[in-house]
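Single-letter residue listing:
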Amino acid sequence: MTDMLEQPANTGSATPDQRVDAWLEAFGTALTRRDVDAVAGLFGADSFWRDLVAFTWNIKTVEGREGVADMLHARLADTDPSGFRATEPASEEDGVVGAWIAFETAVGRGVGHLRLKRDDDSGEDRAFTLLTTMQELKGHEEGTGQRRPRGTEHGANKHRVTWSEQREIEERELGYTRQPYVVIIGGGQGGIALGARMRQLGVPALVLDKHDCPGDQWRGRYKSLCLHDPVWYDHLPYLPFPDNWPVFAPKDKIADWLEMYTKVMEVPYWSKSECTSASYDEATGEWTVHVLRDGEPVVLRPHQLVIATGMSGKPNIPEFPGAHRFQGEQHHSSAHPGPDAYAGRKVVVIGANNSAHDICGALWEVGADVTMVQRSSTHIVRSDSLMELGLGDLYSERALAAGVTTQKADLTFASLPYRIMHEFQIPIYDRIRERDADFYDRLDKAGFLHDWGDDGSGLFMKYLRRASGYYIDVGASELVANGDIALAHGNVRELTETSVVLEDGTELAADLVVYATGYGSMNGWVADLISQEVADKVGKCWGLGSDTTKDPGPWEGEQRNMWKPTRQDGLWFHGGNLHQSRHYSLYLALQLKARYEGIPTPVYGLQEVHHLR
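Residues numbered from 1 in each chain as written. Predicted model: local features only at pLDDT ≥ 70, side-chain atom pairs only at ≥ 80, totals over all residues. Heavy atoms only, no water.

## A closer look at the pattern of salt bridges
Phase 1: According to the stated counting rule, one finds 42 salt bridges in the structure shown.
Phase 2: With a shortest N-O distance of 3.9 Å, Asp436 and Arg382 are connected by a salt bridge. A residue pair is termed long-range when its members are at least 10 positions apart, and Asp436 in the loop between α12 (418-435) and α13 (437-445) and Arg382 in strand β18 (residues 379-382) qualify at 54 residues.
Phase 3: Take Arg382: its relative accessible area is 29%, and that puts it in the partly exposed class.
Phase 4: Residues Arg442 and Glu478 are paired through a salt bridge, measuring 2.9 Å at the closest nitrogen-oxygen approach. Residue Arg442 is found in helix α13, and its partner Glu478 is found in helix α15 (residues 476-481); the two are separated by 36 residues along the sequence.
Phase 5: Since its relative accessible area comes to 24%, Glu478 is described here as partly exposed.
Phase 6: Via salt bridges that share partners, Arg382, Glu388, Arg435, Asp436, Asp438, Arg442 and Glu478 belong to a single interconnected network. (Salt bridge = Lys/Arg side-chain N within 4 Å of Asp/Glu carboxyl O. Helix = DSSP H or I, 4+ residues; strand = E, 2+ residues; numbered from the N terminus. Buried < 20%, exposed > 50% of the residue type's maximum accessible area, 1.4 Å probe, protein only.)

## Comments concerning the environment of Gly95
Phase 1: Along the polypeptide, Gly95 turns up in the loop between β4 (91-93) and β5 (96-104).
Phase 2: Its relative accessible area of 43% is what places Gly95 among the partly exposed residues.
Phase 3: The spatial distance from the C-alpha of Gly95 to the C-alpha of Leu116 is 8.6 Å, given a sequence separation of 21 residues.

## Digging into helix α1 (residues 16-32)
Phase 1: With 17 residues, α1 extends 24 Å between its outermost C-alpha atoms, agreeing within 8% with the 24 Å of an ideal straight helix rising 1.5 Å per residue.
Phase 2: Buried residues of α1: Arg19, Val20, Trp23, Leu24, Ala26, Phe27, Gly28, Ala30 and Leu31, and no others.
Phase 3: Among the residues trailing α1, Arg34 stands out with phi positive, at a value near 55°. (Expected span 1.5 Å × (residues − 1).)

## Comments concerning the pairing of strand β17 (residues 369-374)
Phase 1: For β17, the tally of buried residues reaches five of six residues, placing the bulk of the element in the interior.
Phase 2: Pairing of strand β16 (residues 346-350) with β17, which is carried by five bridges, proceeds in the parallel orientation. Within β17, the residue paired with Lys346 across the bridge is Asp369.
Phase 3: As a crossover connection, the stretch from β16 through helix α8 (residues 354-365) into β17 is right-handed. (Pairing = 2+ DSSP bridges. Right-handed = clockwise from strand over helix to strand, strands pointing away.)

## With respect to the nonpolar core
Nonpolar side chains in soluble globular proteins generally cluster together in the buried interior.
Phase 1: Grouped together as the largest cluster of nonpolar side chains are 165 residues, with contacts concentrated most on Phe27, Trp49, Leu72, Met198, Val349 and Leu571.
Phase 2: It is helix α18 (residues 578-596) that provides the largest number of residues to this core, a total of nine residues.
Phase 3: Setting aside its immediate chain neighbours within four residues, Trp49 contacts Phe27, Phe43, Phe55, Lys60, Thr61, Val62, Val68, Met71, Leu72, Leu130 and Thr132.
Phase 4: One finds Ala323, Val348, Ile350 and Leu495 within the second-largest nonpolar core, a separate group that totals 15 residues. (Core = buried A, V, L, I, M, F, W, Y, C linked by side-chain atoms within 4.5 Å. Contact = heavy atoms within 4.5 Å.)

## Brief notes about the confidence of the model for the protein chain
Phase 1: Overall, the predicted model of the protein chain reaches an average pLDDT of 94, with 98% of residues at or above 70.
Phase 2: Confidence drops under pLDDT 50 across residues 1-6; counting only partners more than four residues distant or on other chains, this segment forms eleven contacts. (pLDDT = per-residue confidence, 0-100.)

## Thoughts on the packing of aromatic side chains
Phase 1: Here the structure, examined in full by the defined rule, presents 26 aromatic pairs.
Phase 2: With 5.4 Å between their ring centres and 70° between their planes, Tyr463 and Trp542 make a pair best called edge-to-face. Within this pair, whereas Tyr463 is found in helix α14 (residues 458-465), its partner Trp542 is found in the loop between α17 (532-538) and β25 (571-573), the two being separated by 79 residues in sequence. Neither Tyr463 nor Trp542 differs from the other in exposure class; each is buried.
Phase 3: Members of the aromatic cluster, joined through ring pairs, are Trp23, Phe27, Phe43, Trp49, Phe55, Phe84 and Phe103.
Phase 4: Seen from the ring of Tyr238, Arg197 lies directly overhead, with NZ or CZ sitting 5.3 Å from the centre.
Phase 5: The positively charged end of Lys253 is found above the aromatic ring belonging to Trp245, 4.5 Å away from the centroid. (Phe/Tyr/Trp six-rings, centres within 6.5 Å; stacked < 30°, edge-to-face > 60°. Lys NZ or Arg CZ within 6 Å of the ring centre and 35° of its normal.)

## Side note on the packing of α12 against α14
Phase 1: α14 packs onto α12 with a crossing angle of 150° between their chain directions and a minimal axis gap of 8 Å. By the angle class used here, α12 and α14 are roughly antiparallel. The segment α12 lies against α14, with Tyr418, Met421, His422, Gln425 and Tyr429 engaging Gly458, Leu459, Phe460, Met461, Leu464 and Arg465.
Phase 2: Residues that form the contact of α12 with α14 fall into these classes: seven nonpolar, three polar and one charged. (Axes fitted to C-alpha atoms, helices over the stretch in contact; angles between N-to-C directions. Parallel < 35°, antiparallel > 145°, perpendicular 65-115°, else oblique. Nonpolar A, V, L, I, M, F, W, Y, C, P; charged D, E, K, R; others polar.)

Here it is in structure tokens:
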């Protein structure tokens, strides 16, 4: 029977700090004594423990006391956690006490966040949410602060190798006489961020990209493209944007930053390098990766292969009847060159999400005759409202003034389990709906089909569940509302020589058809590069299993396959927006570093495969 001293005392008159300290003491004591039942008893009946690598060598959320007990029975002995403590004063809001915490495990150091609720029956505090994250591996810390590199060797040395000479040696050898441990396919913000992490952790890694230089992934997009997320949300690891960086960065400015970042952070990066195939040897635990580097064949043999080719996967290009006979131009939004060549011409854009709106708006600006074809409803949120009500408490000048650093904002967001995140989002979008009622009324009158997500939780949950079905309005919605961008509805029946014909018979004359029809799952790249068998083995990427539109169940609790072990040994996926590329690259990097150093990494809760694509 569990000793009563291991339970937090009745907390009726205790301060938030005392309540947190009492709970952490009971928690730590029970962990030390390996009393799993006592630990589980410190959690509420409805509770969530989200772990990023520290306990599970996975990205995993367990739910309720049974989930906590199951995880700890599997992982407590090896993890050997200790030293749980609050790192700053606790807070209390609406009966919930929140605290930032730190701790150690046998192999690492971590930080996290705790939320406590008082149990109505016993009056004792129980954990509502617990976040635990690994931040560094003991003995393998990054060279920062007191551990930063010297940069030179003082004194006289006839055999001195300078920094530039050492870099030349590395660039000459890596991939040829010395094999990388990790190969990262895709050199956009995700691959570059992970490459920088690998460099700082001392893991030999190569980032491969088919473009001529870093940043070309952005330079090649339509000229009006800007980030829709604000600067505070978009920093890369180690090197934040300067204080005078624009709130919404133009795509060419981002491209220049990525090119500079790659050089300054010394990311081993092969441009003009296209992977043609890859295969895995189960016996040796090595990949064979065939690469054409500037036209020359190279074979790489890494132990770990990371697909960082874009969270959205391969473009979805529909095969409409008659497309072969259409005499105009047609292309997917990912290949859209910009509006300049289409001034005065008739353009039909199939789709009504982010890219469709951006492209329609830019085409209207140069005088094109633009029609947007909306096939299903879209969630629209105005940029100003999203920044103030949706992001302002975490990512803004206001947040910084309140002491909410980028790391704290990232961890705050990570501390909300996906199962209940929509409950926190719904009130935000209710306020946005009220604030911008006139705007939405005008959209409705224009015939635009608008929604707030299946449960009213808005943009963030749509993004996490399906990565589609929304637009952050930076101007194009106003053009739709006032009729400057024409609007049509329905699926496409066929293309003629000069038009797009909808299922209801509506015929839209067109010189250009743009397919803003989204993207498939990232494992589509695996099918092309490795095999369909491996693509099916790992299954669909992205989504939570929320059983909402385009996110079929069962519930999975975390993003499918992202930043964590997959069903294929040595194969990983890295992607997402700039925020996710920054935040989750740390946890992926630590998993790769541990394997490089030979640290045992028993994975708890390896994802089941329920959907192939």
